[in-house]
Amino acid sequence: MSGVHGARTAGSPHGGRSSRSTLRSVVITGVAGLGFLVAALVVSAYLGAAFGVQTALLALAVAVVPLAIVIPAFMWLDRFEAEPTRYLVGAFLWGALVAALVAAVFNTSAMAVLRTATDPDAALATTAVLVAPVVEEGLKGLLVVLVWRFLGREFDGLTDGMVYAGVCAAGFAFTENIQYLAEAYTEGGGEALTATFVARCLLSPFAHPMFTVLTGVGVGVAATSRGWAPKVLAPVGGYVLAVLAHGLWNLAAVSGGSGLVVVYVLVEVPVFLTFVAFVVWVRRREGRLIGYFLRPYADAGWVSAGEVAMLSSMPARREARMWARVNAGSRGLAAMRAFQDTASELALLRRRMQHDAADASALDEERRLLTTLSARRHEFVGMPVGR
């Protein structure tokens, strides 16, 4: 494990990002944006052709409602060390466009093949229970794996795995809800639309996120593990659990009637309550981890013991932001927010370093974060920059 004194400033000689790194980021962003645009046009064209523009827009407006429930829940979980907005938007778009589109192609193809060997009802049930969970959870989970492998500095373990998985799954459910709501309105009018809205958007808005979070937990465990075995087995295990949970839910759905009610009351409700308790525990755990891994910096004089206590508690963080706003205005509030975010990033970097999960530039990154931490403190309390 590294010491707390660091080495050089990461990046260019002046501490900024190199022009080559910036160009690479611009190119990747452009390619991703173009890919999402193409996928959005394909999805829009399909929905418009299948249900009509007005029906598709009505379904889209209704499908926004569960997003107002699900997304804030994962933003609440992500409060200690918030992920960059652009990455969360990318995760949502991956779920809503890429995963939804590819899954539709695979599921439709599977159903067409199965219909040649059995009747339509059996083909539908088999696809829903045995094909869709494997395909959909694989596509959603792939996003979390990609973030872990290619954006390692933004992926700090369990919490990040759950947040990226949940946001991606929320995007997938959004597009899926549009289709189901549009189908219901086309076939049964407002009454069918209302029934589908209640069942999918109000009673089970967290279904897809709960499934995919299991994969996110597995990837989060892998991200903070040393040996190769947990790095492979944890994500695979999480994915298998996600597929099984998804398959059970779909089995209940195609069974319909009392079977769905029994599974919902006896299985899904207890699972959801367990999920909520787990989310609360994970957030509190992250606060404790931040406090633990900031202690060496307190011993070295970079932060005070009082600051460590503040940074490891969300209520204390809120109080500190209020204090900064009262005593130093909007600039002080912004500096306090940046101070808290930087400290969280520093603590989680040190955690990766302790678990041998940090890359070769970790010392440079540590020094940069320590310098930023001192600069932000100077902005809201007037202390000299540096130690």
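Residues numbered from 1 in each chain as written. Predicted model: local features only at pLDDT ≥ 70, side-chain atom pairs only at ≥ 80, totals over all residues. Heavy atoms only, no water.

This brings us to the overall build of the chain. Scanning the chain from N- to C-terminus turns up 11 helices and 0 strands. Helices and strands in the chain line up, N terminus first, as α-α-α-α-α-α-α-α-α-α-α. Projecting the C-alpha coordinates of the chain onto the three principal axes gives extents of approximately 75 × 40 × 40 Å. Element-wise, carbon and sulfur atoms account for 67% of the exposed surface of the chain, whose accessible area totals about 18,900 Å². Taken together, the 32 basic and 27 acidic charged side chains of the chain have centroids lying 10 Å from each other. (Helix = DSSP H or I, 4+ residues; strand = E, 2+ residues; numbered from the N terminus. Areas by Shrake-Rupley, 256 points an atom, 1.4 Å probe, with all protein chains shown as cover. Lys, Arg positive; Asp, Glu negative; His and termini not counted. Charge placed at Lys NZ, Arg CZ, Asp CG, Glu CD.)

Below, the discussion takes up the environment of Asp 121. Within the secondary structure, Asp 121 sits in helix H4 (residues 120-150). Counting along the chain gives 75 residues from Asp 121 to Thr 196, while the straight-line C-alpha distance between them is 20 Å.

Turning next to the nonpolar core. Core analysis: the largest hydrophobic core is formed by 57 residues, its most contacted members being Phe 74, Phe 155, Met 162 and Leu 181. Those elements that provide at least two residues to this core are helix H1 (19-51), helix H2 (53-77), helix H3 (85-115), H4, helix H5 (158-202), helix H6 (207-223) and helix H8 (257-299). Among the elements that make up this core, the one with the highest residue count is H5 (16 residues). In terms of nonpolar packing, the next biggest core, distinct from the first, is built from 28 residues, Leu 289, Met 310, Leu 346 and Leu 373 among them. (Core = buried A, V, L, I, M, F, W, Y, C linked by side-chain atoms within 4.5 Å. Buried < 20%, exposed > 50% of the residue type's maximum accessible area, 1.4 Å probe, protein only.)

The next thing to look at is a positive patch on the surface. Where like charges cluster on the molecular surface, the positive patch consists of Arg 79, Arg 318, Arg 325 and Arg 337. Residue class for Arg 79 comes out partly exposed when judged on its relative accessible area of 34%. (Patch = residues over 30% accessible without salt bridge, like charges linked within 9 Å, V, L, I, M, F, W, Y side chains within 5 Å. Salt bridge = Lys/Arg side-chain N within 4 Å of Asp/Glu carboxyl O.)

For the rest of this paragraph, the subject is the packing of aromatic side chains. On inspection of all chains with the given rule, the structure shows 12 aromatic pairs. With 6.1 Å between their ring centres and 40° between their planes, Phe 92 and Phe 174 make a pair best called tilted. Here Phe 174 lies in helix H5 and Phe 92 lies in helix H3, a separation of 82 residues in the sequence. The pair formed by Phe 92 and Phe 174 is uniform in burial state, with each residue classed as buried. A ring pair is formed by Phe 155 and Tyr 164, whose centres lie 6.4 Å apart and whose planes are at 15°; its orientation type is stacked. Each member of the pair Phe 155 and Tyr 164 is classed as buried. Clustering of aromatic rings is evident, with ring pairs tying together Phe 74, Phe 206, Phe 272 and Phe 275. One cation-aromatic arrangement involves Lys 140 over Phe 172; the distance from NZ or CZ to the ring centre is 5.2 Å. The ring of Tyr 297 has Arg 350 lying over it, and the distance from NZ or CZ to the ring centre is 5.2 Å. (Phe/Tyr/Trp six-rings, centres within 6.5 Å; stacked < 30°, edge-to-face > 60°. Lys NZ or Arg CZ within 6 Å of the ring centre and 35° of its normal.)

One way to put it is that H2 packs onto H5 with a least axis distance of 7 Å and a crossing angle of 150°. When the axes of H2 and H5 are compared, the pair comes out roughly antiparallel. Of the two possible hands of crossing, H2 and H5 adopt the one that is right-handed. (Axes fitted to C-alpha atoms, helices over the stretch in contact; angles between N-to-C directions. Parallel < 35°, antiparallel > 145°, perpendicular 65-115°, else oblique. Left-handed = near helix turned anticlockwise from the far one by under 90°.)

Moving on to H5. When the terminal C-alpha atoms of H5 are compared, their 27 Å separation across 45 residues is substantially less than the 66 Å that a helix rising 1.5 Å per residue should span. The principal kink in H5, of about 145°, is found at Gly 188. (Expected span 1.5 Å × (residues − 1). Bend = angle between axes of the 7 residues up to and from the residue.)

Mapping Ala 222 onto the fold places it in helix H6. On the accessibility criterion, Ala 222 (0% relative accessible area) is buried. Distance from Ala 222 to Leu 346, taken between C-alpha atoms, is 20 Å for residues 124 residues apart in sequence. Ignoring anything within four residues of it in the chain, the contact list for Ala 222 reads Trp 148, Pro 230, Lys 231, Ala 234 and Pro 235. (Contact = heavy atoms within 4.5 Å.)

With that settled, the discussion passes to the confidence of the model for the chain. On average, residues of the chain score 88 in pLDDT, and 91% of them reach the 70 mark or higher. Note on residues 5-17: pLDDT is under 50 here. Beyond four places in sequence and across chains, it has 20 contacts. Note that pLDDT drops below 50 for residues 383-387; the model gives that stretch 9 contacts with residues more than four away or on any other chain. (pLDDT = per-residue confidence, 0-100.)

To continue, consider the pattern of salt bridges. For the structure on display, the rule yields 8 salt bridges. A salt bridge links Arg 352 to Asp 156; the nearest nitrogen and oxygen atoms lie 2.1 Å apart. Residue Arg 352 is located in helix H10 (residues 314-354), and its partner Asp 156 is located in the loop between H4 and H5; the two are separated by 196 residues in the primary sequence. Look at Asp 156 and you get buried, because its relative accessible area is 6%. Notably, a salt bridge pairs Arg 350 with Glu 366, separated by 3.4 Å at the nearest N-O pair. Taken together, the residues Arg 350 in helix H10 and Glu 366 in helix H11 (residues 362-381) connect sequence positions 16 residues apart. With relative accessibility at 4%, the residue Arg 350 sits in the buried group. Each of Glu 345, Glu 365 and Arg 368 takes part in salt bridges that share partners, so that together they form one network.

Bringing the state of the cysteines into the picture now. The bond known as a disulfide is covalent and runs between the sulfur atoms of two cysteines. Evaluated as defined, the whole model comprises 0 disulfides. The structure places no disulfide on Cys 168, whose sulfur is separated from the nearest cysteine sulfur, that of Cys 201, by 18 Å. By relative accessible area, Cys 168 is classed as buried at 0%. Classification of Cys 201 by relative accessible area gives buried; the value is 0%. (Disulfide = S-S within 2.5 Å.)

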